[in-house]
Each structure stands twice: as structure tokens, then as C-alpha cells.
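Descriptive analysis of the structure
Spelled out, the chains give:
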Amino acid sequence: MRRFLFAPLALLLLLAPTLRAQESDSGEDTGDPFLDPAIAPLIIPTVDDYAPVATDSRGTLLLPTGAAVNTYFEITSDQKSGLLTPSYSFANGLAFKARIPLIFKRTVHFFGTDGSAGGLGDISLDAEYTRPFSPGSLARLQATLKLPTGDDEKEDNGVPVPLGTGSTDLFLRGQYARSTARTGFLLGAIFRHNSSRETTDEYGFGLTRATTLGDQFITSAFARYAVFNQAWVHLGGVLTVLGSGEIEISTDDGSPPSTIDMNHDGTLFDLYPGISYQLGPLQPFLGLRIPVATNYDNEYIDTDRDLSLILQFTYRPERLAFGD
């Protein structure tokens, strides 16, 4: 049975350089929306997102309670970032989380010139409600408020390297999860609504630009299967629909504002293979995000998106029995 545990890990490590070599060397930034560390960790399930299978004496599903910490690290060729998510869950299904991203290094390629920067990203606050069912299934609703704490005007070598979007955004997430002692299945949907970010020119022309990134709608399906003792093999598929976005330009001379369509509409599909292992209260996860299909309405947007290496840890000191 051990070979079933190590085969997926070997496959991940072998695929990584091969898939990376297939990407473009155009030297231009791809604008991949998943490089925003505020959205990527909401997509990949943690161990607590899957439905537990343990029940009490009345047959009621037991949800994890108390404090927990989740860490998330993502590495691409142009960005290394991490996320710390402390949380607290109540027995009535309510939970509150803070998502604190740190961008270790981000590199932007801009017409032959590279700029790199790092620092705090956009912090998010979550409120979540879980409705358990029996046996082994639940539904979950979550609202997330993303704050503009990252420096959206960061520059290096004359190249803009923003560490945040500069806007206050709202995410709504719904999940349905069902589990047995050896399997887990999770369906998810996320809607992201972006507010505008205003900038005023520095040259005295009285121009103000209100940039609003397009809304996003993300649907996902993830499954995991126990292959050896407390080891799991994971596979997920994620479909993302991107909105266009717009820029509204106004002047201080009283002229009517004009609106420019950013033409960022697109449809993306990614695969998420991975493995995890249960070590008491700690469960590490190692996986990849593999861009499979990319379709932008704007032919000038680079469609060669980055492969990501993902490392995730979930730690819950008072972890209840999940049957996994």
C-alpha cells in the first residue's frame, strides 16, 4: 500500500519542471488573477472544509470547535507568498477568521524591465456559518471582506509592483461537503465583487481615474481518497469566469466623465492534484495548480499562466475525531 502514497508525490515532483517548461518566455506579466493571494487560499479546501463523519450519541454531526491556524504557501516563477489564517469556531456552527498575506517576493515584467517587491498584502476578514447534516454532510456559507492594506502603488526600478488591489472587496462563498471514512467530496462557488480604486495624476492635469476590476465567479469540485492509514490523495477542478472591469476618467474642469472598458473578460480552468497526511492535530498538504485552459476575450492578454506549487498546513489543537 505504501507505493500508493508515494506515487502521487513522485508524480507531482516530476510534472512540475515539465509543465513549467511549456510556459511562454514572452517576458510580459500574465495578469493571472490567482496571483492575488486574497483569492487563491479560498479555493483550495483545508481539512476542516471537508465534512466530518463523527457523530454524538444522538447522531448529530460533530463540527470542530475552538481555535485553529491554517498556513498557506504558494510559489510560482514570479511570486512567492504566504498566508496566516487564525480562526475560532463555535459549537453552533459560527466561525471567524482573519487572513493575513505576506508577499515574500513578487516580480513584474514590463517591456523588458523587471521590478520586484515584497511586503504585506491585502488582509481579509471572514464570517462563516456551517449547517451540519447527518450522516457526514454539511453546507457552509461565508462572507469575506478584503481590506486595501497592501501597498498598491509600490514600485521598483520604475516598474509598478502592487502588493494589493487598493480596493475594498467582498467575497461570498458557498460549499457543500460530504464524507465517508475513506472519501471526501466538496462542491464550492465563490463570487467576488470588486470596488473601485481611485488615483489622481501627479502632474497637475486634474485627472482622476477610478479603476474597477471585473467581478469573478468561481466554481470548484474537489475530492480526496484515503490511500494509506492517514494519507490522502486529492484532485480538484476549478472554473473561473472573469468580468471585464472598467476605468472611469474624470477631470476637475467639470467635463462629463468618460468610461473605458478594460476588456478583461475571460474563462479559466485549472486542475489541483495533491497529497496530504494526518499527523494528529496537524495536517500538511502538498499540491500543484496546473493551468489547463485559458481564454481571454482580449487577444493582447498573455494566456500563458503560471504553474503554482502549493504547501498548506492546518493545525487544530483540540481537533475532534473526523474518521480520517
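Described in the following lines is the structure provided in the data block.

Cut-offs applied
- Residues numbered from 1 in each chain as written.
- Predicted model: local features only at pLDDT ≥ 70, side-chain atom pairs only at ≥ 80, totals over all residues.
- Heavy atoms only, no water.
- Core = buried A, V, L, I, M, F, W, Y, C linked by side-chain atoms within 4.5 Å.
- Buried < 20%, exposed > 50% of the residue type's maximum accessible area, 1.4 Å probe, protein only.
- Helix = DSSP H or I, 4+ residues; strand = E, 2+ residues; numbered from the N terminus.
- Contact = heavy atoms within 4.5 Å.
- Salt bridge = Lys/Arg side-chain N within 4 Å of Asp/Glu carboxyl O.
- Pairing = 2+ DSSP bridges.
- Axes fitted to C-alpha atoms, helices over the stretch in contact; angles between N-to-C directions.
- Patch = residues over 30% accessible without salt bridge, like charges linked within 9 Å, V, L, I, M, F, W, Y side chains within 5 Å.
- Areas by Shrake-Rupley, 256 points an atom, 1.4 Å probe, with all protein chains shown as cover.
- 1 Å grid on protein atoms, 1.4 Å probe; cavity = no way out; pocket = protein on both sides within 12 Å on 5 of 7 lines; lining within 4 Å.
- Points joined across faces, edges and corners; volume = space filled by probe spheres on them.
- Nonpolar A, V, L, I, M, F, W, Y, C, P; charged D, E, K, R; others polar.

Looking now at the nonpolar core. The biggest cluster of nonpolar side chains holds 27 residues, and the ones touching the most others in it are Phe34, Ile39, Ile43, Val238 and Tyr272. Every element with two or more residues in this core is listed here: helix 2 (40-43), strand 9 (169-179), strand 10 (183-193), strand 13 (216-228), strand 14 (231-242), strand 17 (266-277) and strand 18 (282-296). Counting residues per element, this core draws most heavily on helix 2, which supplies three residues. Contact partners of Val238, with chain neighbours within four places excluded, come to Phe34, Ile43, Ile218, Thr219, Ser220, Phe222, Leu268, Phe269, Asp270 and Tyr272. Core analysis: the next-biggest nonpolar cluster, separate from the first, contains six residues, Ile103, Val108, Ala117 and Val159 among them.

A complete count under the given rule lists 15 salt bridges for this structure. Notably, a salt bridge pairs Asp169 with Lys146, separated by 3.4 Å at the nearest N-O pair. A residue pair is termed long-range when its members are at least 10 positions apart, and Asp169 in strand 9 and Lys146 in strand 6 (residues 137-146) qualify at 23 residues. Taking the relative accessible area as the measure of exposure, Asp169 reaches 0% and is therefore buried. Taking relative accessible area as the criterion, Lys146 reaches 0% and is therefore assigned buried. The partner of Asp270 in a salt bridge is Arg305, with the nearest N and O atoms 2.6 Å apart. A residue pair is termed long-range when its members are at least 10 positions apart, and Asp270 in strand 17 and Arg305 in the loop between strand 18 and strand 19 (308-315) qualify at 35 residues. By the burial criterion, Asp270 is buried, and Arg305 matches it. One connected set of salt bridges, linked through shared partners, spans Asp36, Asp122, Lys146, Asp169 and Arg192.

Here we take up the sheet that holds strand 16 (residues 258-261). Sheet architecture is open: four strands sit in the order 11-12-15-16, paired in antiparallel fashion. Whereas interior strands pair on both sides, the edge strands pair on one side only; in this sheet they are strand 11 (196-200) and strand 16. Strand-to-strand twist across the sheet, computed as the mean angle between neighbouring axes with direction ignored, equals 20°. Note: strand 12 (residues 207-212) against strand 15 (residues 246-251), six bridges, orientation antiparallel. Among the inter-strand pairings, Leu207 is bridged to a residue of strand 15, identified as Thr251.

What follows is about a nonpolar patch on the surface. A cluster of nonpolar side chains, namely Leu170, Leu172, Phe191, Phe217, Leu235, Leu239, Val241, Phe269, Leu271 and Val292, defines an oily patch on the protein surface of about 800 Å² accessible area. Mapped onto the nonpolar patch, the elements with two or more residues apiece are strand 9, strand 14 and strand 17. With three residues, strand 14 is the largest single contributor of residues to the nonpolar patch. Structurally, the position occupied by Phe217 is in strand 13. Under the relative-accessibility criterion, Phe217 is labelled partly exposed at 40%.

With respect to the helices, strands and loops of the structure, Ser258 is situated in strand 16. Look at Ser258 and you get partly exposed, because its relative accessible area is 37%. Linking Ser258 and Glu248, residues ten residues apart in sequence, is a C-alpha distance of 5.7 Å. In this structure Ser258 touches Ile247, Glu248 and Ile249, once residues within four positions along its chain are discounted.

Attention now goes to empty space enclosed by the protein. Applying the stated rule across the entire model yields five cavities of 30 Å³ or more. Put simply, the largest cavity is a space of about 280 Å³. Lining the largest cavity we find 26 residues, and of these Asp48, Ser89, Lys97, Glu128 and Arg316 sit closest to its centre. Where the lining of the largest cavity is concerned, the elements lending two or more residues are strand 1 (66-75), strand 2 (79-89), strand 3 (94-110), strand 5 (124-133) and strand 6. Among the elements that make up the lining of the largest cavity, the one with the highest residue count is strand 3 (four residues). Considered class by class, the residues forming the lining of the largest cavity number ten nonpolar, eight polar and eight charged.

Here twelve bridges tie strand 14 to strand 17, and the two strands are oriented antiparallel to one another. Among the inter-strand pairings, Val241 is bridged to a residue of strand 17, identified as Thr267. Here strand 17 folds back onto strand 18 in antiparallel fashion, the turn holding four residues, of which Gly280 has a positive phi close to 65°.

Along the chain, Arg192 turns up in strand 10. Taking the relative accessible area as the measure of exposure, Arg192 reaches 2% and is therefore buried. When neighbours within four sequence positions are excluded, Arg192 is seen to be in contact with Asp36, Ile39, Lys146, Thr165, Asp169, Leu170, Phe171, Asp215 and Gln216.

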